Amino acid sequence: MEFGELFEFYLEACSDRKQVTEHLTDLLSSFPEKSVIDCSVGTGFITLDLIQDGYNVICADGSAAMLERFEDNAAAMGLDVKPLLLNWADLAGTFPNVFDLLICRGNSLVYASVWDDDRPSVDSGAIVEHLKSMYGALKPGGFLYVDIPAEHKEPDLGGRIRHAPREVRGRMVSVSETIQALPEVGLRRWDVRMEIDDEVFEFTRHSHMLDEARLRHALGQAGFAEIMPLEGNMLRDHYQVFTARKPLVNVMRRFARPVQAVPG
């Protein structure tokens, strides 16, 4: 089984599809007739449902494996949607000052530059650089929507998380996972074991350590303001959602004249 399909089984088995769909529907309804991009669209989980319901969302991701599955899903739903293979670092250059809303969800930000090429070493500066590019792709006054691991579940969950078995596309899926902090190297390790009928699959990913304080600092370095958590919007029990805004440009500033110092 290709990784994109395997990961989709994981999402279906571990997420409350109805809750996530309702939440994102409310979000997009707040931006009618606005330009929106999901830059971590992955396999299209939920986003393709929203597009089918009539919402206009530009779809992009930096993972070719995820987008291959996205295209299969879009075709199966009868949707003519062409996703963009686009690294976050290239967002500003490709879409300068274009979007009213930029969505980076699914705990994606912590995997900046390391998702497809998993390795136990990361450059924490990648997060700030990617956030700067997201900032550049937003219009002045535009919003970033991002989620990160919830602090109360970090740094060590103290054992395996076992999800209730769920039927997905006619197959029974059982998932267990561990999330372990590796503070000495600034990493977070995620191990997943899946049983799909009688087949067993396992995968591991390393990511950046990113709590609320680190996120706020990185967003500030990127230029964002009005950073705030969306309380009550933990779409999974170990995610926390935040929004941040690209400040509006004061167009009147150019008319201001320097104030002459009054001689003492």
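Whatever comes next refers back to the structure up there.
Trainee: So what about the pairing of strand β8 (residues 171-182)? Which residues, and what values?
Mentor: Each regular strand shows side chains that alternate between the opposite faces of the sheet. Pairing analysis gives two bridges linking strand β6 (residues 161-162) to β8, with the strands arranged antiparallel. Residue pairing in the sheet places Arg-162 in a bridge with Ser-176 of β8. Inspection of the sheet shows strand β7 (residues 166-168) paired to β8 by three bridges, in the antiparallel sense. Its bridge partner being in β8, Val-168 is matched across the sheet by Arg-171.

Trainee: Give a description of the pattern of salt bridges that names residues and reports values.
Mentor: On inspection of all chains with the given rule, the structure shows 16 salt bridges. Where Arg-17 meets Asp-49, a salt bridge forms, and the shortest distance between an N and an O atom there is 2.6 Å. With a gap of 32 residues between them, Arg-17 in helix α2 (residues 17-29) and Asp-49 in helix α3 (residues 47-52) connect regions that are remote in the sequence. Since its relative accessible area comes to 16%, Asp-49 is described here as buried. Ionic pairing is found between Asp-100 and Lys-139, a salt bridge with its closest N-O pair at 3.4 Å. Separated by 39 residues along the polypeptide, Asp-100 in strand β4 (residues 99-104) and Lys-139 in strand β5 (residues 138-149) bring together distant segments of the chain. Given a relative accessible area of 13%, Asp-100 falls into the buried group. The partly exposed category is assigned to Lys-139, whose relative accessible area is 31%.

Trainee: An account of unusual backbone geometry is needed here, citing residue identities and associated values.
Mentor: In this structure, Asn-97 takes a positive phi of about 55 degrees despite not being glycine. By the secondary structure assignment, Asn-97 is in the loop between α5 (91-94) and β4. Taking relative accessible area as the criterion, Asn-97 reaches 44% and is therefore assigned partly exposed. Even without being glycine, Glu-226 reaches a positive phi, approximately 50 degrees. Its location among the elements puts Glu-226 in strand β11 (residues 225-229). Here Glu-226 falls in the exposed class, since its relative accessible area comes to 55%.

Trainee: Explain the nonpolar core to me, and be specific about the residues and the numbers.
Mentor: Nonpolar side chains in soluble globular proteins tend to end up buried together. Leu-109, Met-134 and Met-194 are the most contacted members of the largest nonpolar core, which totals 79 residues. For this core, the leading source of residues is helix α1 (residues 3-14), giving eight residues. Not counting chain neighbours up to four residues away, the residues in contact with Met-194 comprise Leu-6, Phe-9, Tyr-10, Val-173, Ser-174, Val-175, Glu-199, Val-200, Phe-201 and Phe-203.

Trainee: Break down the packing of aromatic side chains for me, citing the residues and quoting the values.
Mentor: Using the criterion set out here, one finds 15 aromatic pairs in the structure. A centroid spacing of 6.4 Å and a plane angle of 65 degrees characterise the contact between Phe-7 and Phe-203, whose relative ring orientation is edge-to-face. Of this pair, Phe-7 sits in helix α1 while Phe-203 is found in strand β10 (residues 199-208), placing the two residues 196 residues apart along the sequence. Across the pair, exposure class does not vary: Phe-7 and Phe-203 are buried alike. Summarising the aromatic geometry, the rings of Trp-190 and Phe-203 are spaced 5.3 Å apart at their centres and angled 85 degrees between planes, so their arrangement reads as edge-to-face. Taken together, the residues span a long stretch of sequence, with Trp-190 in strand β9 (residues 187-196) and Phe-203 in strand β10 at a distance of 13 residues. In this pair, the class of Trp-190 matches that of Phe-203, namely buried. Each residue in the set Phe-3, Phe-7, Tyr-10, Tyr-111, Trp-115, Trp-190 and Phe-203 is aromatic and connected to the rest through ring pairs, giving one cluster. Of note, Arg-205 hangs over the ring of Phe-3, and the distance from its end group to the ring centre comes to 4.6 Å.

Trainee: So what about the side chain of Glu-8? Which residues, and what values?
Mentor: Counting through the fold element by element, Glu-8 comes out in helix α1. With relative accessibility at 4%, the residue Glu-8 sits in the buried group. In terms of polar contacts, Glu-8 uses its side chain to reach the side chain of Arg-69, at 2.9 Å.

Trainee: Describe helix α7 (residues 212-222), naming the residues involved and giving the relevant values.
Mentor: Residues of α7 that are buried include every one of Leu-215, Ala-218, Leu-219 and Ala-222, and no others. Viewed along the axis of α7, the buried residues span an arc of 100 degrees, placing them on a single side of the element. For α7, exposure combined with an orientation more than 90 degrees from the buried face picks out Ala-213 and His-217. Looking at the buried residues of α7, the elements they touch are α6 (125-137), β5, β11 and β12 (239-245). Gly-223 sits one or two residues past α7 and shows a positive phi near 110 degrees.

Calculation criteria
- Residues numbered from 1 in each chain as written.
- Predicted model: local features only at pLDDT ≥ 70, side-chain atom pairs only at ≥ 80, totals over all residues.
- Heavy atoms only, no water.
- Pairing = 2+ DSSP bridges.
- Helix = DSSP H or I, 4+ residues; strand = E, 2+ residues; numbered from the N terminus.
- Salt bridge = Lys/Arg side-chain N within 4 Å of Asp/Glu carboxyl O.
- Buried < 20%, exposed > 50% of the residue type's maximum accessible area, 1.4 Å probe, protein only.
- Core = buried A, V, L, I, M, F, W, Y, C linked by side-chain atoms within 4.5 Å.
- Contact = heavy atoms within 4.5 Å.
- Phe/Tyr/Trp six-rings, centres within 6.5 Å; stacked < 30°, edge-to-face > 60°.
- Lys NZ or Arg CZ within 6 Å of the ring centre and 35° of its normal.
- Polar contact = N/O pair within 3.5 Å; in protein donor to acceptor, adjacent residues only side chain to side chain.
- Arc of directions from axis to C-beta.

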